[in-house]
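Residue-level structure breakdown
Residue-level listing of the chains:
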Amino acid sequence: ATVFAATSAMCAVVIGGVFLYINQAEENMIKASKKSTEEGLRKLQKLEEELKERESKLQEDLRLVEENRAVLKELEESLKKKSEEIEEREAKLAAAEAEAAAKQ
C-alpha cells in the first residue's frame, strides 16, 4: 500500500511537471506569437506611412504635370498666334513687293 501511495505520489509529481512544462510551452508560444504579430503590425504601419508619402508625392507630381500642361497650352496658343501674325506680315510684304515691282 505504501509502495502504491509512493508510486501514485511520484506519478502525480511527474504529471504535474508535464502539465507545468506544457503550460510554460504554451505561454512561450503565445508570447512569441504576440511578439511576431506586434512586429508585423509595426512593419505594416511603416509600409502604410511610406505608401502615404508616395501617394502625396504622386499627387504633387500630378499637380505639377497639370500646371505644365496648362503652360504648354498657353505657349502653343501664343506660338500659333505669332505664326499667324508672321504669315500676315509675309503676305503684306509680298503684296507690297508685287505692287512695287508692278510700278517699276
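Scope of this entry: the structure provided in the associated data block. Fair warning: this is a prediction, and the values are worked out from it, not measured in the lab.

Helix and strand content of the chain: one helix and zero strands. Expected size for 104 residues packed as a compact globule is a radius of gyration near 13 Å; at 44 Å, the chain overshoots this value by more than 25%. Burial status across the chain gives 0% buried among its 104 residues. For the chain, the exposed surface amounts to about 10000 Å²; the carbon and sulfur share of it is 61%.

With that settled, the discussion passes to a positive patch on the surface. A contiguous patch of positive charge on the surface is contributed by K81, K82, R89 and K92. In this fold, K92 is placed in helix α1 (residues 2-103).

Summarising the element assignment, R54 is placed in helix α1. With relative accessibility at 58%, the residue R54 sits in the exposed group. Residues R54 and A95, 41 residues apart in the sequence, show an inter-C-alpha distance of 60 Å.

With that settled, the discussion passes to the environment of A98. Looking at the element boundaries, A98 is found in helix α1. Judged by its relative accessible area of 48%, A98 is partly exposed. Once the C-alpha coordinates of A98 and A12 are considered, the two residues, 86 residues apart in sequence, prove to be 125 Å apart.

On to the pattern of salt bridges. Enumeration according to the criterion identifies five salt bridges in this entry. Across the pair R69 and E66 runs a salt bridge, and its minimum N-O distance is 3.1 Å. Of this pair, R69 and E66 both sit in helix α1, three residues apart, roughly one helical turn. A relative accessible area of 53% means that R69 is categorised as exposed. Here the residues in one salt-bridge network are E60, R63 and E67, joined through shared partners.

Residues V14, I15, V18, F19, Y21 and I22 make up a contiguous nonpolar surface patch of about 620 Å² in total accessible area. Along the chain, the position of V18 falls in helix α1.

On to a negative patch on the surface, then. Together, E48, E49, E50 and E53 give the surface a local cluster of negative charge. Along the chain, E53 falls in helix α1.

Conventions used here
- Residue positions are counted from 1 within each chain, in the order its sequence is given.
- A pLDDT threshold of at least 70 governs which residues receive local features in this predicted model, and a stricter bar of 80 or more applies before side-chain atom pairs are shown or counted, although totals over entire chains, interfaces and linings include all residues.
- Where side-chain values are given, they derive from all heavy atoms of the structure, hydrogens and water being excluded.
- Counting from the N terminus, the helices are DSSP H or I runs at least four residues long and the strands are E runs at least two residues long.
- We compute the radius of gyration from the C-alpha atoms alone; for a globule the expected value is 2.2 Å times N to the 0.38, where N is the number of residues.
- Throughout this description, buried means an accessible area under 20% of the type-specific maximum (1.4 Å probe, protein chains only), exposed means over 50%, and partly exposed covers the range between.
- Areas reported here follow the Shrake-Rupley algorithm with a probe of radius 1.4 Å; residue values treat only the protein chains shown as occluding.
- Every patch collects residues that have over 30% relative accessible area and no salt bridge, joining them within 9 Å if they carry like charges and within 5 Å if they are nonpolar side chains (Val, Leu, Ile, Met, Phe, Trp, Tyr).
- One side-chain nitrogen of Lys or Arg within 4 Å of one carboxyl oxygen of Asp or Glu is enough to make a salt bridge.
- A residue counts as positive if it is Lys or Arg and as negative if it is Asp or Glu; His and the chain ends are not included.
- Charged side chains are reduced to one point each, which is NZ for Lys, CZ for Arg, CG for Asp and CD for Glu.

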